[in-house]
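Close look at the chain arrangement
Letter by letter, the chains look like this.
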Amino acid sequence: MDGKPWLQALFFVLCAGVYLFLMNAHKAAELADDGAFFLRYAVNMLHGHFWVWNIGEAPVWGASAPLFPVFLTLPLMFGFDPVTTVMNAGIVAGAAGLSVIAWLLAKRISLVAGLGFLAFSATSSQITYWVGSGLETPLTIILLAFALFSIFGTDRPWIAGVAAGLLMIHKLDMVPVGLLVLAAAWLRDRRVPATAAVIALLLSGAWYLFAWWYFGAPVPNSFITKALHQSHLVPIIDWRWYGQFVLLSGINKYASVCLLGLAWAIRPSRPVLCLFGGLLLIHLTAYTIKHPVEPYAWYGMGAMTSLFVLASVGLDGVARQLARLRSGHQGALLGDAVVLVFLVTAVLAVQRHERGLSEGFKVWADNYERDRADAGRWVAAHTPESYVVMAGHGNPAYFSGRKVIDSSYLNRRYEAGNVLERLRPEIYISPGNPSDPDFSKPLFSDYQVVKIFDRTFSSGVDSKYWFAVLARKDAVGRMSGLNAGPTAPVSVEKYVSDVSLGDQFGVLRSEGSDTLFIHPGATTPTGFDFDASGFAAGYGGRALQVTVSVSPKVPPEAVARGAAVARVTFSRKGEVAAQSIVKVGSPFHFTMPANSGWRVVVDNYNGPDTDWILISFN
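A short tour of the structure in this document, coming up. This structure is a prediction, so every number in the text was calculated from the model and none was measured.

Before going further, it helps to examine the overall build of the chain. Along the chain, the regular secondary structure elements total 22 helices and 15 strands. Residues counted as buried form 52% of the 618 residues belonging to the chain. Taking contacts inside the chain between residues at least 6 apart in sequence as the whole, the part at least 24 apart equals 73%. Total accessible area on the chain is roughly 26,800 Å²; 61% of this is exposed by carbon and sulfur atoms. Between the centroid of the 48 positive side chains of the chain and the centroid of its 43 negative side chains there is a distance of 7 Å.

Structure follows, in structure tokens:
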């Protein structure tokens, strides 16, 4: 497309429109947890307090991407709703950055390369969600786009120096990427980029010296906490996570296949391969050797963007190689057609996976993050402004609007020992668990639960998650909106015993406070004992209304082929009290006397095929 400004402009507008539409469609209802950390810093900056967690306290480099809260202050100045503003600003910035990358690839390599990048990045629900999550992903993409422009869109050395310096400041894992920008400029110009190197050194050196003076350390406090004070946390992932996540999840596996085409990459693309190939290898190596304790997906956004750039260059190489099979215009058409068919096939093949991932992000935000945010909102509305809050998550910290003792230690220096007992904040906001004995420990002897937020639990998303607001007992009298004796939610699973899972496919789990999800086995049923007496006692009832139905999550194609049919049997003391066949549109209702000793058995009736059964006790 080089030399055709109108076509370049049209392509850029097309890319921006696609990205904006998809990112807005994938936007969730609440900020991702750490996104609220950045928002708290940004709001304080608007009041003249730079990188300050609590106004009146010393600054702290808690947010690991120090430029991002500065970036957020610009749209926040207009005074609109902060959460919506942060999400929309991220979406606009992310769409702009990705569109620039696609435009440069189309302009300098080929339209095939530009379309390839558009297809991969727009299909990735990871990319399209995280740019609007409140985390630093959009700034990462903007800086990578700027870096690509510095080596592919201009030959002015000072631009490469600024791009390299900003990347080195942005995040610690981007410091080597800044050096890769300089290496790419060297490869492009065939001479040492002295001017760019000096500018990059001055920018990055100035920041890290300032950080040492201003914060008391040249590295983020969050980095120190994760490196030195999280050894007690049990990882839920291992060294394989990052590589599988970046290279093999969703559309990424098709992008990884395209890396084979780099063998035929054109010479002008070598600086691009140096920059983005180096970034991908460095991050894969670093996060494989030192993986996080949880699957922090936003850690992979730079590597994913790099993968999609490399894959697009590889697609161009494949198209050019195929074009050589025939002479003239026909060869070029053959290469482009084969590549475009591959792209369309890849996008269609992962649509269900990517849509499910997008819905999963929304479910997480609508439940887990909503519980956390609502806890903070409640504290803001019902406690005096002078109250101090202890919390370890971003949303309750931001929405409480109070001085916050960060119990995650990402935004305050680590302290050993019982900090709650030593500092005695009026409010403690904590995640809970129906089987978690924490709230009965001596640690909380001076606190009482005053409010519970259990949307995640009651909606059936996670039977082991809810959020509680605890208040110091001598501080309760000045609070409002209190309910008499809030109690922790209890799952129906508490009254289930003697579970026998069916072979191969057998599953039993709670789906909220009063519903069980059951899947029978391939040849044997799934069964369990149920204490109806104990369950009903919590509600003062003498009988339970039981409803057995097929889960609404059964795919339509499974219903169409006659799947999702099961038989349920209720018996007591060896005698069958009720039995019925359950299928889509034909639930079974049963009045269960509130006695102990019930046995419930679910079998697949006509063979195992998506027999997802829900049993609700009311």
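Back to the text.
Moving on: the packing of helix H7 (residues 137–152) against helix H15 (residues 301–323). Each pair of packed helices can be described by the angle between their axes along with the distance between the axes. Two elements in contact, H7 and H15, have axes whose closest approach is 10 Å; the angle formed by their N-to-C orientations is 40 degrees. Between H7 and H15, the crossing angle belongs to the class labelled oblique. Relative to H15, H7 is oriented so that their crossing is right-handed. Here Thr137, Thr140, Ile141 and Leu144 of H7 come into contact with H15, specifically with Met301, Gly302 and Thr305.

Next up on the list: empty space enclosed by the protein. Per the counting criterion, the structure on display carries 2 cavities of 30 Å³ or more. Volume-wise, the largest cavity comes out at about 140 Å³. Lining the largest cavity are 14 residues, with Asp34, Phe38, Gly62, Ser64 and Lys226 positioned closest to its centre. Put simply, the parts of the chain that give the lining of the largest cavity at least two residues each are helix H2 (33–46) and helix H11 (221–228). Take the lining of the largest cavity: its biggest share by element is 3 residues, from H2. When grouped by side-chain class, the residues that make up the lining of the largest cavity number 7 nonpolar, 3 polar and 4 charged. The volume enclosed by the second largest cavity comes to roughly 70 Å³. Glu136, Thr137, Thr140, Lys171, Asp173, Met174, His283, Trp298, Tyr299, Met301, Gly302 and Ala303 are the residues that line the second largest cavity. Broken down by secondary-structure element, the contributors of at least two residues to the lining of the second largest cavity are H7 and H15.

H15 packs onto helix H12 (residues 241–248) with a crossing angle of 40 degrees between their chain directions and a minimal axis gap of 9 Å. For the element pair H12 / H15, the angle class is oblique. In terms of crossing hand, the pair formed by H12 and H15 is right-handed. Across the interface between the two elements, Tyr242, Phe245, Val246 and Leu247 of H12 pack against Met301, Ala303, Met304 and Leu307 of H15. Across the contact of H12 with H15, the residue classes break down as 8 nonpolar, no polar and no charged.

Next up on the list: the side chain of Ser269. Its place among the elements puts Ser269 in the loop between helix H13 (252–258) and helix H14 (270–289). Among the polar contacts listed, one links the side chain of Ser269 to the backbone oxygen of Ile266, at a separation of 2.6 Å. Residues within four places of Ser269 in sequence aside, it is in contact with Ile109, Phe152 and Val313.

Turning our eyes to something else, we now look at the packing of aromatic side chains. Two numbers describe a pair of aromatic rings. These are the distance of the centres and the angle of the planes. Taken as a whole and assessed by the stated rule, the structure comprises 45 aromatic pairs. With 5.4 Å between their ring centres and 85 degrees between their planes, Trp61 and Trp207 make a pair best called edge-to-face. Here Trp61, found in the loop between H2 and helix H3 (67–76), pairs with Trp207, found in helix H10 (residues 194–215); they are 146 residues apart in sequence, far enough to count as distant. Trp207 carries the same exposure label as Trp61, and that label is buried. Ring centres of Phe590 and Trp598 lie 5.8 Å apart, and the angle between their planes is 75 degrees; this geometry places the pair in the edge-to-face category.

Taken as a whole and judged by the stated rule, the model has 19 salt bridges. Put simply, Asp189 and Arg188 hold a salt bridge, and the shortest N to O gap is 2.8 Å. Asp529 is the partner of Arg599 in a salt bridge, and the nearest nitrogen-oxygen pair spans 3.0 Å. Here Asp529 lies in strand S9 (residues 526–530) and Arg599 lies in strand S14 (residues 598–603), a separation of 70 residues in the sequence. Here Asp529 falls in the partly exposed class, since its relative accessible area comes to 24%. Through salt bridges that share partners, Glu30, Arg370, Asp374 and Arg377 make up one connected network.

Turning next to the side chain of Asn54. With respect to the secondary-structure elements, Asn54 resides in the loop between H2 and H3. By relative accessible area, Asn54 is classed as buried at 4%. In terms of polar contacts, Asn54 uses its side chain to reach the backbone carbonyl oxygen of Val404, at 2.8 Å.

Next up on the list: the pairing of strand S5 (residues 466–472). Along any regular strand the residues' side chains alternate between the sheet's two faces. Most of S5 sits inside the fold, with 7 of its 7 residues counted as buried. Relative to S5, strand S3 (residues 427–432) is paired through 6 bridges, and the arrangement is antiparallel. Bridging from a neighbouring strand, Ser430 pairs with Ala468 of S5.

Another point: the sheet that holds strand S1 (residues 388–391). Here 5 strands make up an open sheet; going across it, the order is S2-S1-S3-S5-S4 and the pairing mixed. Edge positions in the sheet fall to strand S2 (403–406) and strand S4 (447–453), since each has one partner strand and no second. Between one strand axis and the next, the sheet turns through 25 degrees on average, direction left out of account.

The subject of this paragraph is H11. Residues of H11 that are buried: Asn221, Ser222 and Thr225. The buried side chains of H11 occupy one side of the element, clustering within an arc of 100 degrees when seen end-on.

This next bit is on the pairing of strand S12 (residues 575–582). Of the pairings in the sheet, the one linking strand S11 (residues 566–572) to S12 comprises 7 bridges and is antiparallel in character. Counted as the bridge partner of Ser571 is Val576 from S12. Between the end of S11 and the start of S12, which pair antiparallel, lie 2 residues, with Lys573 showing a positive phi angle near 55 degrees.

Moving on, we come to the sheet that holds strand S10 (residues 543–550). Read from one edge to the other, the open sheet built from 5 strands follows the order S7-S8-S15-S10-S13, with strand pairing classed as antiparallel. The open sheet has two edge strands with one neighbour each: strand S7 (507–510) and strand S13 (588–593). When strand polarity is set aside, the average angle formed by the axes of neighbouring strands in this sheet is 20 degrees. Here S7 pairs with strand S8 (residues 515–519) via 4 bridges, running antiparallel. Within S8, the position partnered with Arg509 by the bridge is Phe517.

The computed volume of the second largest pocket comes to approximately 670 Å³. Looking at the second largest pocket, it is lined by 23 residues, and the ones nearest its centre are Phe223, Lys226, Tyr287, Lys290 and Tyr299. Looking at the lining of the second largest pocket, the elements with two or more residues in it are H11 and H14. At 5 residues, H11 tops the list of elements feeding residues into the lining of the second largest pocket. Residues belonging to the lining of the second largest pocket are distributed by class as follows: 14 nonpolar, 5 polar and 4 charged.

Rules used in this analysis
Residues numbered from 1 in each chain as written. Predicted model: local features only at pLDDT ≥ 70, side-chain atom pairs only at ≥ 80, totals over all residues. Heavy atoms only, no water. Helix = DSSP H or I, 4+ residues; strand = E, 2+ residues; numbered from the N terminus. Buried < 20%, exposed > 50% of the residue type's maximum accessible area, 1.4 Å probe, protein only. Contact = heavy atoms within 4.5 Å. Areas by Shrake-Rupley, 256 points an atom, 1.4 Å probe, with all protein chains shown as cover. Lys, Arg positive; Asp, Glu negative; His and termini not counted. Charge placed at Lys NZ, Arg CZ, Asp CG, Glu CD. Axes fitted to C-alpha atoms, helices over the stretch in contact; angles between N-to-C directions. Parallel < 35°, antiparallel > 145°, perpendicular 65-115°, else oblique. Left-handed = near helix turned anticlockwise from the far one by under 90°. 1 Å grid on protein atoms, 1.4 Å probe; cavity = no way out; pocket = protein on both sides within 12 Å on 5 of 7 lines; lining within 4 Å. Points joined across faces, edges and corners; volume = space filled by probe spheres on them. Nonpolar A, V, L, I, M, F, W, Y, C, P; charged D, E, K, R; others polar. Polar contact = N/O pair within 3.5 Å; in protein donor to acceptor, adjacent residues only side chain to side chain. Phe/Tyr/Trp six-rings, centres within 6.5 Å; stacked < 30°, edge-to-face > 60°. Salt bridge = Lys/Arg side-chain N within 4 Å of Asp/Glu carboxyl O. Pairing = 2+ DSSP bridges. Arc of directions from axis to C-beta.

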